Amino acid sequence: MSLAAPPPIDPLVGTASGAYRDELVEVVRGRPGPAAAHRTRSFEFWADHDRVHLVHDLPADQIDNDLAGLLATELFAPGWLEGSELFERLLTGIVISSAVDPLTAWTLFYANTLDRLTAPVTGDVPEPHSGLAEGSLAGYAPVYAHARSLIDPGSMLELGSCFGFFSLLCAADRDVTASDLTPNTVRLLAQVAPRLGLSLGTLICDAARVPRPAASFDTVVALHLLEHLPPEHGLAVVREMQRLARRRVIVAVPYEDEPTAAYGHVRTFSADDLADLATDSGWRWQVHDHHGGWLVLDRP
C-alpha cells in the first residue's frame, strides 16, 4: 500500500489520550481491531478508504527508537505497507498514543532511547538499518560512541540531526547545536531537551545552506545523513561542513546493498564513494570502517 504525501507531521499534536489520528493513519493503544485486521506479534492493522489503522499494546519500556525496527520487520519488510511517509506517521502515532499527552510521550521515548544507547552492549551488534526488530539501537550505539571518540573538545554542530539523539548525548559535556530541515522535529527536540536536563541550540535549515558564518564550530558532524540525499546534494553538504568547521568534519554512512526505502534512503555508499567526497577538498582526510563507513576531514 502506498499513499500520497499529506501535510507535515506535527509530533506535538494528539487527538486523545491513547490515540493519534492524522490524514494518513490512526493509531490507538489497547483497542482491539476488527476481525478482518491483519495481526503480527506486536500490532493489529487494517486499511479503509481513508487511512491505515494500527492497534498496539506496547509497554512503556518499549517506547524507544527500536520501534523503527519493529515497524520495519513486522509491517514493511513483508510488504504489507510501504513508504517512508507512512512509516514515520505510524512511528509518531505509536509514541503519542503511549501517554496522556504528546510531550510526556516523547519525553518517555527520548529517555528510553538515551538509556538504551548508553547501556553496556552484550552479544553480537547488528549494523544500523539491518531491519532486525530489536537491533536498531544496538546498531547505533557503537556508531555514536565512535563518533564521540573522534570529536575534539569545543563546539559541535550536527547536521540532519533528526530526533537529535547524538546531539543530546554530546550536550552533557560540550556546546552543541542540532540542525534539521524539518521544523516540527527541531521544535520537538528543543522542547524535550530541557525535560531531560540538557541544553543545546537548534537550527532549522538545509544541511547544504546553514545560516551561520564560516568557521562557526570546532567540529561539524553528519551521521547517517548522506544516504538520504542525491549525490550532488550530498557533495554540497560536505563542502558546507568544511565551510563551517574550524577543525574537523565527520561523516558516517551505513553500508547497504540496496537503499532502505522505509528509512528514506536514496543511495548506497562504499569506501570509494566516501573517498570521492574528499577528492580535491584541500583538506587532510581518511576513510575507515566501523559499523559502516566514515570520512574524517581535518582543516590543513
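Everything numeric in this text was worked out from a predicted model, so none of it was measured.

## Brief notes about the domain arrangement of the chain
Many authors give the size of an interface as the accessible area that is lost as the parts come together. Segmenting the chain into domains produces domain 1 (19-101) and domain 2 (137-298). Relative placement of domain 1 and domain 2: their C-alpha centres are 29 Å apart. Each side of the interface is counted separately: domain 1 has ten residues, and domain 2 has seven residues. Here domain 1 packs against domain 2, burying approximately 660 Å² in sum over the two surfaces, 65% of which is carbon and sulfur.

## A few points about the sheet that holds strand 8 (residues 201-204)
The strand order 8-7-6-9-10-12-11 describes an open sheet built from seven strands, whose pairing is mixed. The sheet is open, and its two edges are formed by strand 8 and strand 11 (284-289), each paired on a single side. On average, each strand axis in the sheet is tilted by 15 degrees relative to the strand beside it, whichever way the strands run. Taken together, the three bridges between strand 6 (residues 156-158) and strand 7 (residues 176-180) define a ladder with parallel strand orientation. The residue of strand 7 that forms the bridge with Glu158 is Ala178.

## Remarks on the environment of Gly30
Residue position: Gly30 is located in the loop between strand 2 (25-29) and strand 3 (38-39). The exposure class of Gly30 is partly exposed, given its relative accessible area of 46%. Remark: the alpha-carbon pair of Gly30 and Ser97, spanning 67 residues in sequence, is separated by 9.6 Å. Among residues more than four places away in sequence, those in contact with Gly30 are Val55, His56 and Asp57.

## Some points on the packing of helix 1 (residues 67-76) against helix 2 (residues 84-96)
A pair of packed helices is characterised by two quantities: the angle between their axes and the separation of those axes. Between helix 1 and helix 2, the shortest axis-to-axis distance is 10 Å and the interhelical angle comes to 125 degrees. Accordingly, the angle class assigned to the pair helix 1 and helix 2 is oblique. For the element pair helix 1 and helix 2, the recorded crossing hand is right-handed. Here helix 1 contributes Leu67, Ala68, Leu71, Ala72 and Phe76 to the contact with helix 2, which in turn contributes Leu86, Phe87, Leu90, Leu91, Ile94 and Val95.

## Topic: the confidence of the model for the chain
With 93% of its residues at a pLDDT of 70 or more, the chain has an overall mean of 91. Counting interchain partners and residues more than four positions distant, the pLDDT-below-50 stretch residues 128-135 has 28 contacts.

Rules of the game
Residues numbered from 1 in each chain as written. Predicted model: local features only at pLDDT ≥ 70, side-chain atom pairs only at ≥ 80, totals over all residues. Heavy atoms only, no water. Domains from an automatic or database assignment. Contact = heavy atoms within 4.5 Å. Buried area = accessible area lost by both parts, 1.4 Å probe. Pairing = 2+ DSSP bridges. Helix = DSSP H or I, 4+ residues; strand = E, 2+ residues; numbered from the N terminus. Axes fitted to C-alpha atoms, helices over the stretch in contact; angles between N-to-C directions. Buried < 20%, exposed > 50% of the residue type's maximum accessible area, 1.4 Å probe, protein only. Parallel < 35°, antiparallel > 145°, perpendicular 65-115°, else oblique. Left-handed = near helix turned anticlockwise from the far one by under 90°. pLDDT = per-residue confidence, 0-100.

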